[in-house]
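Read off the chains here:
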Amino acid sequence: MRTSPRLSPPLLPLVAATVVGVVVTALSLLVLPDASTGPPPPPAPPSASAAGPLAPLPPGEELLIASGVDESSKKAREQAVREWNDKHRNIPARIVPVAGNADRQRDQFKSLLDPTKPDDVDIVNLDSVHVAEFADAAADGSPPLLAALDASAPDVPNPITEDMLRDFLPNPLLTCYWKNRLYALPYNSDVGLLFFQAGTAPPKTAAELPRALAADPAVPRRVAIQLSRDEAFVVNILEQLLAVDPKLLNKNGTPPRVVQEDWEKALAVVQAEVRAGRLYYPGGKGEGSAEEKTARAFERKEAAAMRNWPVWFGEIQPQPEVRRLFGPGILGGQNLAVAAKSRHKAQAIELIRFLTSAETQRKLLLDGRFVPTTESAYKSPQAQSIPYIGELLAAVKEARPRPITPNYYEVSSVIIENLYPAVTEGQHGQLPATFERKLQDALD
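Thresholds, definitions, all that
In every chain, residue numbers begin from 1 and rise along the written sequence. Residue-level local features of this predicted model are given only where pLDDT is at least 70; pairs of side-chain atoms are given and counted only at 80 or more, and the full residue set underlies all totals for whole chains, interfaces and linings. As a rule here, side-chain values come from all non-hydrogen atoms in the structure, and water together with hydrogens is ignored. Put simply, DSSP H or I for four residues or longer makes a helix, DSSP E for two residues or longer makes a strand, and each gets a number counted from the N terminus. Definition of a polar contact: a pair of N or O atoms within 3.5 Å, with one able to donate and the other able to accept a hydrogen when the atoms are protein atoms, and with sequence-neighbouring residues admitted only if both atoms are side-chain atoms. Working rule for contacts: check all heavy atoms of both residues, and any pair within 4.5 Å makes them a contact. Note on geometry: axes are lines fitted to C-alpha atoms, helical ones only across the stretch in contact, with angles between N-to-C directions running from 0 to 180 degrees. Small angles under 35 degrees read as roughly parallel and large ones over 145 as roughly antiparallel, with 65 to 115 read as roughly perpendicular and the rest as oblique. Less than a right angle of anticlockwise turn of the near helix away from the far helix marks a crossing as left-handed, whereas a clockwise turn marks it as right-handed. All residues other than Ala, Val, Leu, Ile, Met, Phe, Trp, Tyr, Cys, Pro, Asp, Glu, Lys and Arg, Gly among them, are scored as polar; the first ten of these are nonpolar and the last four charged. By nonpolar core is meant a set of buried Ala, Val, Leu, Ile, Met, Phe, Trp, Tyr and Cys residues that side-chain atoms within 4.5 Å join together. The cut-offs for exposure are 20% and 50% of the maximum accessible area for each residue type, with area from a 1.4 Å probe on protein chains only; residues under the lower value are buried, those over the upper are exposed, and the others partly exposed. Two rings from Phe, Tyr or Trp (for Trp, the six-membered ring) form a pair when their centres sit within 6.5 Å of each other. Planes less than 30 degrees apart are called stacked, planes more than 60 degrees apart edge-to-face, and all others tilted. Think of it as a cone above the ring: NZ of Lys or CZ of Arg counts as a charge over the ring if it is within 6 Å of the ring centre and within 35 degrees of the ring normal. The way it works is a 1 Å grid over only the protein atoms, where trapped points that fit a 1.4 Å probe form a cavity and open points with protein on both sides within 12 Å along at least five of seven lines form a pocket, and then any residue with an atom within 4 Å of a point lines it. Grid points are joined across faces, edges and corners, and a volume is the space filled by probe spheres set on the points. Paired strands, as defined in this entry, are two strands with at least two bridges between them according to DSSP. Here, a salt bridge means any side-chain nitrogen of Lys or Arg that lies within 4 Å of a carboxyl oxygen of Asp or Glu.

Looking at the side chain of Ser67
Inference 1: Its place among the elements puts Ser67 in strand E3 (residues 63–68).
Inference 2: Among the polar contacts made by the side chain of Ser67, one reaches the side chain of Asn125 at a distance of 3.0 Å.
Inference 3: Beyond its immediate stretch of four places on either side in the chain, Ser67 contacts Arg77, Ile95, Val96, Pro97, Val98, Phe109 and Asn125.

This is the structure in C-alpha cells:
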C-alpha cells in the first residue's frame with residue numbers, strides 16, 4: 001500500500017448515493033495553507049542546477065536513504081537508485097528499508113533523524129504529512145530534524161532554487177514547505193480514484209452513480225471504502241463528512257473552528273449510509289491493509305464500485321473502469337527530505353533532484369505505478385498508454401493536502417478515537433462531549 005495508516009492515505013475521494021437520491025459524493029476538502037502559516041503559493045518554477053561537480057564520498061561511505069518498503073513488482077525505487085549509482089560511481093547510494101505501517105515508520109524516522117543517535121541517514125522518504133512535524137523546531141529550542149533545502153539554508157552550496165521547481169505540480173509541492181521554507185521535494189503523489197467493475201461505463205456525474213452501481217444486477221449496489229482503525233479511516237471518513245459539510249475543514253489548511261454540532265450532523269448522514277450498506281468495508285481479521293482487503297472484495301464482486309489508490313488498477317482482473325472522484329481527493333504520497341545531521345547534504349540534495357526529475361518520475365509511474373509529482377511525466381507517450389492517466393492528472397490537480405501542522409499525529413488520533421466507534425458501532429452521530437475541545441486543541 002502506498003499510503004500510510006494513521007498519517008497517510010490517503011487522500012480521500014469516493015462517492016455514495018442515498019436511497020432518496022441524494023448523492024453523497026465522496027469528496028474531500030482540505031486545505032491549502034496560507035503564506036503566514038505554511039507553504040507559500042507554489043513558486044513559478046524554474047530551470048536547472050547551478051551546482052558544480054560534486055565531491056566524491058570518502059571511501060566506504062554511501063548516501064543512505066531511509067524509506068518504506070518498495071512494494072512495486074519491479075522494485076522501481078531500487079531501480080532508480082541503481083541508475084544513480086551507475087551515473088555517480090563516486091557517490092553511491094543505498095535504500096535502508098523501514099518496515100511497518102505509518103505509525104511505526106514515523107517512530108523509526110524520528111529515531112533515525114535524532115542528532116543524539118548514532119544512526120547514519122542522509123535522506124528520508126517521509127509521508128507528506130510528516131514533513132511539518134520533523135521540520136518544526138522543538139518547543140525546548142532543539143533545531144529541526146530536517147535540513148532546509150532552499151536559498152535560506154546556511155550549510156549547503158547547492159540549494160533548491162525556484163527555477164528548479166517549475167515542473168512540479170502545485171499541490172504535492174505545497175506539502176514540502178513549513179513556515180515558508182522548503183524542506184523536501186515531492187517523490188510521488190497519491191490520490192484516490194473511483195473503480196467500477198469491468199464493462200461498466202463510469203458515471204460522468206454523481207447523479208449518474210446509482211445507474212452505474214446497478215449495471216450488473218448480480219453485484220451488490222454499494223461502494224467499497226476503507227474503514228480500518230488507522231489513517232485509512234481518517235482519510236475515508238473525512239472525505240464522507242466533507243461531502244455533507246465542506247466547511248468542517250478550511251480550504252487553506254489553517255486550523256478550522258471546530259463546532260461539535262456541525263460534526264455530529266454530518267456524521268449522522270454518513271452513519272446512515274454505512275448502516276444501509278451503501279458504504280461498505282469488508283474488514284475482518286487477517287493479513288493485509290484496508291486498501292488490500294477492499295480491493296480483493298471488489299475483485300470478488302462484493303461491491304459494484306470501490307474507492308482506492310491508483311496502484312490497485314494493475315492488481316485487479318479483469319481490468320476495471322476508473323474515473324476520478326466527484327469531489328477533490330485528499331492528497332497522499334511521500335516526500336524526500338535531507339536529514340539535518342547528514343554529513344553529505346550537497347550530495348543528498350543532488351540525489352533528491354535526480355529521484356524527483358521528470359525522467360525518473362516517468363519510470364516510477366511505468367514500472368511501479370507511483371503517481372508522478374511532475375506534470376511532464378504525465379505527458380510522455382508511454383504514460384498516455386495508461387487508460388486513466390488523464391483522470392489521474394486531473395485528480396492530483398484537484399486534490400487537497402491534509403492540514404499542514406506539526407500536530408497532525410494528534411489530529412489523526414483524536415478523529416480515530418472519537419469517530420471510529422461512532423461509525424462502526426452505530427452511535428447515531430453522538431460524539432463525546434469532549435470531542436470539540438480535543439480536536440481544537442490538536443489543530444491549534
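Anyway, onward from the coordinates.
What about the packing of helix H7 (residues 260–275) against helix H14 (residues 408–424)?
A pair of packed helices is characterised by two quantities: the angle between their axes and the separation of those axes.
Inference 1: Viewed as axis vectors pointing N to C, H7 and H14 meet at an angle of 40°, and their least axial separation amounts to 9 Å. Comparing the axis directions of H7 and H14 gives the class oblique. Classified by chirality, the crossing of H14 by H7 is right-handed. Facing H7, whose interface residues are Trp263, Leu267, Gln271 and Val274, H14 presents Leu419, Ala422 and Val423.
Inference 2: Residue classes in the contact of H7 with H14 are distributed as six nonpolar, one polar and no charged.

Some details on the nonpolar core
Inference 1: With 56 residues, the main nonpolar core has Val124, Leu146, Leu182 and Leu355 as its most contacted residues.
Inference 2: A total of six residues in this core trace back to one element, the largest contributor, which is helix H9 (residues 345–355).
Inference 3: Once you skip the residues sitting within four places of it in the chain, Leu182 turns out to touch Ala148, Leu149, Asp150, Ile160, Leu165, Leu173, Cys176 and Tyr177.
Inference 4: Core analysis: the second largest hydrophobic core is formed by 43 residues, Leu213, Val234, Val423 and Leu431 among them.

Quick look at the packing of aromatic side chains
Inference 1: All told, the structure shown has four aromatic pairs when counted by the stated rule.
Inference 2: Between Phe313 and Tyr388, the aromatic rings sit 4.8 Å apart at their centres with planes inclined by 65°, giving edge-to-face as the arrangement. Taken together, the residues span a long stretch of sequence, with Phe313 in the loop between strand E12 (305–308) and strand E13 (321–324) and Tyr388 in the loop between helix H12 (381–384) and helix H13 (389–398) at a distance of 75 residues.
Inference 3: Take Phe313: its relative accessible area is 6%, and that puts it in the buried class.
Inference 4: One cation-aromatic arrangement involves Arg106 over Tyr409; the distance from NZ or CZ to the ring centre is 3.9 Å.
Inference 5: A cation over a ring is seen here: Arg222 above Tyr280, with NZ or CZ 3.7 Å from the ring centre.

Here we look at empty space enclosed by the protein
Inference 1: In this structure, the largest cavity occupies an estimated 100 Å³ of space.
Inference 2: Lining the largest cavity we find Ser128, Val129, Val131, Ala132, Thr175, Leu331, Pro401, Arg402, Pro403, Ile404 and Thr405.
Inference 3: Class assignment for the residues of the lining of the largest cavity results in seven nonpolar, three polar and one charged.
Inference 4: There is about 60 Å³ of room inside the second largest cavity.
Inference 5: If one sorts the elements of the lining of the second largest cavity by residue count, H14 sits on top with three residues.
Inference 6: For the lining of the second largest cavity, the per-class residue count stands at 10 nonpolar, no polar and no charged.

A short note on the sheet that holds strand E4 (residues 93–98)
Inference 1: The five strands are arranged E4-E3-E5-E14-E8 in an open sheet whose pairing can be described as mixed. On the outer flanks of this sheet lie E4 and strand E8 (184–190), each paired with one strand and no other. On average, each strand axis in the sheet is tilted by 25° relative to the strand beside it, whichever way the strands run.
Inference 2: In the sheet, E3 pairs with strand E5 (residues 123–127) via two bridges, with the strands oriented parallel. Among the inter-strand pairings, Ala66 is bridged to a residue of E5, identified as Val124.
Inference 3: Contacting E3, E4, E5, E8 and strand E14 (332–338), helix H1 (residues 76–87) runs over the sheet at an angle of about 160° to E4.

What to know about H9
Inference 1: Burial runs high along H9: 10 of the 11 residues are buried.
Inference 2: For H9, the full list of buried residues reads Lys345, Ala346, Gln347, Ala348, Ile349, Glu350, Leu351, Ile352, Phe354 and Leu355.

Regarding the sheet that holds strand E9 (residues 193–196)
Inference 1: Pairing in this open sheet of five strands is mixed, and the strands run E11-E10-E12-E9-E13 from one edge to the other. Each having just a single partner strand, strand E11 (279–280) and E13 make up the two edges of the open sheet.

A word on the environment of Pro220
Inference 1: Note on placement: Pro220 falls in the loop between helix H5 (209–213) and strand E10 (223–224).
Inference 2: Given the relative accessible area of 30%, Pro220 is considered partly exposed.
Inference 3: For the pair formed by Pro220 and Ala304, sequence separation is 84 residues and the distance between their alpha carbons is 6.0 Å.
Inference 4: Sequence-distant contacts of Pro220, defined by excluding residues within four places in its chain, comprise Lys301, Glu302, Ala303 and Ala304.

Some remarks on the pairing of E8
Inference 1: Most of E8 sits inside the fold, with seven of its seven residues counted as buried.
Inference 2: In terms of strand pairing, E8 meets E14 through six bridges, oriented antiparallel. What sits directly across from Ser189, in E14, is Gly333.

Some points on unusual backbone geometry
Inference 1: Between Gln317 and Pro318 the backbone carries a cis peptide bond, its omega angle lying at -5°.
Inference 2: Looking at where Pro318 falls in the secondary structure, it is placed in the loop between E12 and E13.
Inference 3: Phi is positive for Lys179, which is not a glycine, with a value near 50°.
Inference 4: Here Asn180, not a glycine, exhibits a phi torsion of approximately 65°, which is positive.
Inference 5: By relative accessible area, Asn180 is classed as partly exposed at 38%.

Describing the pattern of salt bridges
Inference 1: The final tally for this structure, using the stated rule, is 26 salt bridges.
Inference 2: Across the pair Arg402 and Glu231 runs a salt bridge, and its minimum N-O distance is 2.9 Å. In this pair, Arg402 is assigned in the loop between H13 and H14 and Glu231 in helix H6 (residues 231–244), connecting sequence segments 171 residues apart.
Inference 3: Assessed through its relative accessible area of 4%, Arg402 is described here as buried.
Inference 4: Its salt-bridge partner being Glu273, residue Arg278 comes within 3.2 Å of it at the nearest N-O pair. Glu273 carries the same exposure label as Arg278, and that label is buried.

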